Amino acid sequence: MTINKPRTSMSTGLSRRRFLATSAATVPALVLGTSHPALAATVQTAGVAPAALAGFDNVIKTYIVERAISCAQLAITKDGKLVLARAYRYSDDPAVPTLGPTSLFRIASLSKHITAVAIMRLAQDGKLNLGTSVASLLGLPTTADPRLANVTVWRLLQHTGGWDRDLSGDYLYLDHTIARSLGVPLPITREHIVQYACARPLDFTPGSRYAYSNYGYLLLGMIVEKVSGMTYEAYIQQKILAPAGITRMRLGHTLKAQAAPGEIVYESAQTSTTVTDASGATVQAPYGGFSMENRGPGGGWLASAVDLVRFARILDAPGTVLNATSISRMVAQPETGVTESGSWYGAGLWVRQVTGHLNTWHSGGLPGTYTYTARLQNGFTYAALFNRNEESGSPDFDVLSPRINAEIGKVTSWPTTDLFPRYL
């Protein structure tokens, strides 16, 4: 059941390995900015992990100890029922608050399939044609590159729009460059990002190849607003989350002082020059090193692991959010076909055909955040969230997926009690 997750699914502006090579050295046992060791004698837990699923519980405990991760969550569903909901705290620092299965984490690029579902719902309701030019929808100028007229909604969803962050940079991480170029003060807005991007040529002909693009999902969020007449967040909450029975999810904010009730703390050894003002202050990377507000549709949501596995049920069968046609569109192959490994990027999710099932998955990463979710054969879905990302000197974070997969076949009897009523 190995997924072979492509590394290009990270939400950072660089591939993970290139990003690590340029980041500060990690100090795994310390919370940045304090002298208190982050390690504790044991991993503290909250929530429910039935004995039959102890293997999954142990995977997360081992994983966070190896990586000095102080806060984590795991949620698992089997055949649509929530069978494990667990929170983990590995710290003796009082600045790291107690957390539970419903605490909120930044979910980084797991936000993308949420935006994709919203786009599919608008198309389902007859309000949007997925083949429409994005430039015509949003009134974007095409003088810098006439090929922009050929960027469709489909191509944004599937990362074939023409922007390659390895060539021109990730526009969502160029706050200082954009502010200087446009002569505007920090913090910049998404409109500033679009203005900057539209003044530059595309990196390749739309539809000719795949290149992961956070900027493309920023544009999708703007399309949701233009077509629905609502704010992006309000549309998601009212038309997508509420019918799915999810009430906690919301967009996150950049600064620690703006944290949502029940949101965990984020840890990183990285520091950055703040993007919130022109002071030039050096800040902890998770709190001011990038803009959560601009990241919204492609990486700005807050959720619990329980919320994410509940959201995954939208794709399991036609229901109140998406019909069968829309679900098929979520996992449709792009015009570029499948990768050498047999996977493809659908709409906000990686997809692979296995016998009798389409597996879907995605990872996410920001300084202070690593996330992963997957829907696999045999009715198994999980989401895992962490408040630290892989940095120089830390063990490989990508071992999570194969470790979880290895435990699935070891379960001899699955719990039948549904925990969703307890946590929703």
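Along each chain, residues carry numbers from 1 onward, in the same order as the chain's sequence is written. Given that this is a predicted model, residues contribute local features only at a pLDDT of at least 70 and side-chain atom pairs are listed and counted only at 80 or more, while totals for whole chains, interfaces and linings are drawn from all residues. Values shown for side chains rest on all heavy atoms present in the structure; no hydrogens or waters enter the calculation.

**Q** How would you explain the overall build of the chain if you had to name every residue and give the values?
**A** Working definition: helices are DSSP H or I runs of at least four residues, strands are E runs of at least two. Numbering for both runs from the N terminus. What the chain contains, in helices and strands, is 15 helices and 13 strands. A radius of gyration in this sense is built from C-alpha atoms; the matching globule rule multiplies 2.2 Å by the number of residues raised to 0.38. Scaling as 2.2 N^0.38, a compact globule of 424 residues should have a C-alpha radius of gyration of about 22 Å, and the chain matches this with 20 Å. Overall, the C-alpha framework of the chain stretches about 60 × 50 × 40 Å when taken along its three principal axes. Counting across all 424 residues of the chain, residues that qualify as buried make up 58%. Contact between two residues is taken to exist if any of their heavy atoms lie within 4.5 Å; hydrogens are not considered. A separation threshold of at least 6 residues defines the contact pool for the chain, and within that pool the share at least 24 residues apart is 71%. Here the chain displays about 15,300 Å² of accessible surface, and carbon together with sulfur accounts for 53% of that area. Charged residues are defined here as Lys and Arg on the positive side and Asp and Glu on the negative side; His and the ends of the chain fall outside this count. Note on charges: their place is set at NZ of Lys, CZ of Arg, CG of Asp or CD of Glu. Here the chain contributes 37 positively and 29 negatively charged side chains, and the mean placements of these two sets differ by 4 Å. Relative accessible area decides the class of each residue, using a 1.4 Å probe on protein chains only: under 20% of the type maximum gives buried, over 50% gives exposed, and in between gives partly exposed. In short, Shrake-Rupley with a 1.4 Å probe defines the accessible areas, and a residue's cover is counted only from the protein chains shown.

**Q** Any chance you could break down the layout of surface pockets for me, citing the residues and the numbers?
**A** By volume, the second largest pocket is sized at about 360 Å³. If you go around the second largest pocket, you meet 19 residues; those closest to its centre are Ile-188, Arg-190, Ser-291, Glu-293 and Asn-294. Every element with two or more residues in the lining of the second largest pocket is listed here: helix H8 (190-198) and helix H11 (292-299). Counting residues per element, the lining of the second largest pocket draws most heavily on H11, which supplies four residues. In terms of residue class, the lining of the second largest pocket is made up of seven nonpolar, seven polar and five charged. Using only the protein atoms, space was sampled on a 1 Å grid; points where a 1.4 Å probe fits but cannot get out form cavities, open sets with protein on both sides within 12 Å along at least five of seven lines form pockets, and lining residues are those with an atom within 4 Å of a point. Grid points are joined across faces, edges and corners, and a volume is the space filled by probe spheres set on the points. Three residue categories are used. Nonpolar comprises Ala, Val, Leu, Ile, Met, Phe, Trp, Tyr, Cys and Pro, charged comprises Asp, Glu, Lys and Arg, and polar comprises the others, including Gly.

**Q** Could you give an account of the packing of H8 against helix H9 (residues 214-228), with specific residues and numbers?
**A** Lines are fitted to the C-alpha atoms to define the axes, a helix being fitted only along its stretch in contact, and any angle between axes, read from their N-to-C directions, falls within 0 to 180 degrees. Orientation of H8 relative to H9, taken along the N-to-C sense of each, is 120°, at an axis distance of 11 Å. When the axes of H8 and H9 are compared, the pair comes out oblique. Handedness of the H8/H9 crossing: left-handed. For the pair formed by H8 and H9, the contact residues are Arg-190, Glu-191, Ile-193, Val-194, Ala-197 and Cys-198 on the first element and Tyr-215, Leu-218, Leu-219, Met-222 and Glu-225 on the second. Residue composition of the contact of H8 with H9, by class: eight nonpolar, no polar and three charged. Oblique is the label for any angle not under 35 degrees, not over 145, and not in the 65 to 115 range, which are roughly parallel, roughly antiparallel and roughly perpendicular in turn. Whether a crossing is left-handed or right-handed is set by the direction in which the near helix is turned from the far one by less than a right angle, anticlockwise for left-handed and clockwise for right-handed.

**Q** Give me unusual backbone geometry: which residues, what numbers.
**A** With an omega dihedral of 0°, the bond running from Leu-186 to Pro-187 counts as a cis peptide bond. For Pro-187, the position within the fold is in the loop between helix H7 (175-182) and H8. One non-glycine residue, Ala-108, lies in positive phi territory at about 50°. By the element assignment, Ala-108 lies in the loop between strand E4 (105-106) and helix H3 (111-124). According to the relative accessible area criterion, Ala-108 is buried, its value standing at 0%.

**Q** Can you lay out the packing of H7 against H8 for me, pointing to particular residues and giving the numbers?
**A** When two helices pack together, their arrangement is given by the angle between the helix axes and the distance between those axes. Relative to each other, H7 and H8 sit at 75°, their axes nearing to 10 Å. Relative to H8, the element H7 lies roughly perpendicular. Residues Thr-177, Ile-178, Ser-181 and Leu-182 of H7 touch H8, and the partners they reach there are His-192, Ile-193, Gln-195 and Tyr-196. Here the residues of the contact of H7 with H8 are counted per class, giving four nonpolar, four polar and no charged.

**Q** Any chance you could break down the nonpolar core for me, citing the residues and the numbers?
**A** In terms of nonpolar packing, the biggest core is built from 124 residues, with Tyr-215, Leu-219 and Ile-223 touching the most fellow members. The biggest single contributor to this core is H9, with nine residues. What Tyr-215 contacts, discounting residues up to four positions off in sequence, is Trp-163, Tyr-171, Leu-172, Ile-193, Val-194, Ala-197 and Cys-198. Throughout, nonpolar core names a set of buried Ala, Val, Leu, Ile, Met, Phe, Trp, Tyr and Cys residues whose side chains join them through atoms within 4.5 Å.

**Q** How would you summarise the sheet that holds strand E11 (residues 357-366) if you had to cite specific residues and measurements?
**A** Strands qualify as paired when DSSP identifies two bridges or more between them. Read from one edge to the other, the open sheet built from eight strands follows the order E1-E3-E2-E13-E12-E11-E10-E9, with strand pairing classed as antiparallel. What marks the edges here is a single partner per strand, and that holds for strand E1 (44-48) and strand E9 (343-345). Neighbour to neighbour, the strand axes of the sheet diverge by 15° on average, direction disregarded. Seen against the sheet, helix H12 (residues 305-312) touches strand E2 (71-78), strand E3 (81-89), strand E12 (369-376) and strand E13 (380-386) and runs at an angle of roughly 150° to E13. Set on the sheet, helix H14 (residues 400-408) makes contact with E12 and E13; between it and E13 the angle comes to about 145°.

**Q** Before we move on, could you go through the sheet that holds strand E5 (residues 250-251) and cite the residues and values that matter?
**A** In spatial order, the strands read E4-E8-E5; together these three strands make up an open sheet with antiparallel pairing. Only two strands of the sheet have a single partner each, and these edge strands are E4 and E5. Direction of pairing for E5 relative to strand E8 (residues 301-303): antiparallel, over a ladder of two bridges. Of the residues in E8, the one forming a bridge with Leu-251 is Trp-301.

**Q** Explain the packing of aromatic side chains to me, using residue names and the numbers behind them.
**A** Each Phe, Tyr or Trp ring (for Trp, its six-membered ring) is paired with any other whose centre lies within 6.5 Å, and the angle between the two planes then decides the class: stacked below 30 degrees, edge-to-face above 60, tilted in between. Using the criterion set out here, one finds 18 aromatic pairs in the structure. Positioned over the ring face of Tyr-63 is Arg-67, at 4.0 Å from the centre of the ring. Here, a charge over a ring means that NZ of Lys or CZ of Arg falls within 6 Å of the ring centre while also lying within 35 degrees of the ring normal. The ring of Phe-397 has Arg-67 lying over it, and the distance from NZ or CZ to the ring centre is 5.6 Å.

**Q** Before we move on, can you summarise empty space enclosed by the protein with the specific residues and values?
**A** By rolling a water-sized probe across the atoms, one finds the places where empty space is left. For the structure on display, the rule yields four cavities of 30 Å³ or more. Space inside the largest cavity adds up to approximately 60 Å³. Lining the largest cavity, in full, are Trp-163, Asp-164, Arg-165, Ser-168, Gly-169, Asp-170, Tyr-171, Tyr-212, Ser-213, Asn-214 and Tyr-215. Of all the secondary structure elements, the ones that give two or more residues to the lining of the largest cavity are helix H6 (165-168) and H9.

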